[in-house]
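# Commentary on secondary and tertiary structure
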Amino acid sequence: RYSITANSNTDIQPDYFESNDSILDATRIGILANAQAFEAESLTIHSNKDDDYFQFELTETSNLNLGITFDAQKGDLDLELLDQFGNLIDSSASTLDSESITVEELGSGTYFGRVFGYGDATSDGYAISASAESALTQFQTDAYEKNDSIGDAYNLGLIQGAVDAVAQANLH
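This report concerns the structure included in the present document.

### Digging into the nonpolar core
Counting residues in hydrophobic clusters, the biggest one holds 26 residues, and the most contacted among them are Leu81, Val115, Tyr126 and Ile128. Elements with a contribution of two residues or more to this core: strand S2 (38–45), strand S3 (52–58), strand S4 (62–70), strand S5 (77–82), strand S7 (98–106), strand S8 (109–117) and strand S9 (123–134). Not counting residues within four places of it along the chain, the set of residues in contact with Leu81 comprises Phe56, Leu64, Leu66, Asn87, Leu88, Ile89, Asp90, Ile101, Val103, Leu106, Tyr111 and Phe112.

Structure representation (structure tokens):
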């Protein structure tokens, strides 16, 4: 008598962040700030019930960039940005090999990124990146800087009528 056994190695293994399948079990990536970004590779969506959650903090109003890259032909993934209560703030869903979310002037607080397969797709490999830059550093100096105190105030002189004396000013 003969017995033939065939094993298929198509099973996708859980990645090193499992189990991060809910907000309560999210991978904590810490504070995102000007010099601190987060990147991770070789992640998987190993089953059609696998959603990956990543928790991060913003300590000030920031411009956020959140993105994933993957091979969509092996499994299309989507990306969501959620607030501390799990409410949707923004999402990215396409048929490309990447998804990205950019939010300007996102307030300080706790946020979550959610990665999941479109239509219950799985993926044997994706990378995620997250970075934030203070929204307060986006302003450029103007022709009247440095004038951040009464002692440093720029003298506009005598203003008469509808003269636009501060046309070059950047108020921030």
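### Overview of the packing of aromatic side chains
In total, this model carries five aromatic pairs according to the counting rule given. With 5.9 Å between their ring centres and 85° between their planes, Phe17 and Phe54 make a pair best called edge-to-face. Pair noted here: Phe17 is in the segment before strand S1 (27–31) and Phe54 is in strand S3, with a separation of 37 residues, a long-range link. Arranged with centres 6.0 Å apart and planes meeting at 25°, the rings of Phe56 and Tyr111 form a pair that is stacked. One end of the pair, Phe56, is in strand S3; the other, Tyr111, is in strand S8, and 55 residues separate them in sequence. Given a relative accessible area of 1%, Phe56 falls into the buried group. Site record: aromatic cluster; members linked through ring pairs are Tyr16, Phe17, Phe38 and Phe54.

### Brief notes about the sheet that holds S9
Sheet strands pair by backbone hydrogen bonding; their relative direction is either parallel or antiparallel. Spatially, S2-S9-S4-S7 is the arrangement adopted by the four strands of the open sheet, whose pairing is antiparallel. Every interior strand has two partners, whereas the edge strands, S2 and S7, have only one. The mean angle between the axes of side-by-side strands here comes to 15°, regardless of whether they run parallel or antiparallel. Bridging between S2 and S9 involves five bridges; their strand directions are antiparallel. Residue pairing for S9: Ala40 is matched across the bridge by Ile128.

Quick notes on the rules
- Residues numbered from 1 in each chain as written.
- Predicted model: local features only at pLDDT ≥ 70, side-chain atom pairs only at ≥ 80, totals over all residues.
- Heavy atoms only, no water.
- Core = buried A, V, L, I, M, F, W, Y, C linked by side-chain atoms within 4.5 Å.
- Buried < 20%, exposed > 50% of the residue type's maximum accessible area, 1.4 Å probe, protein only.
- Helix = DSSP H or I, 4+ residues; strand = E, 2+ residues; numbered from the N terminus.
- Contact = heavy atoms within 4.5 Å.
- Phe/Tyr/Trp six-rings, centres within 6.5 Å; stacked < 30°, edge-to-face > 60°.
- Pairing = 2+ DSSP bridges.
- Axes fitted to C-alpha atoms, helices over the stretch in contact; angles between N-to-C directions.

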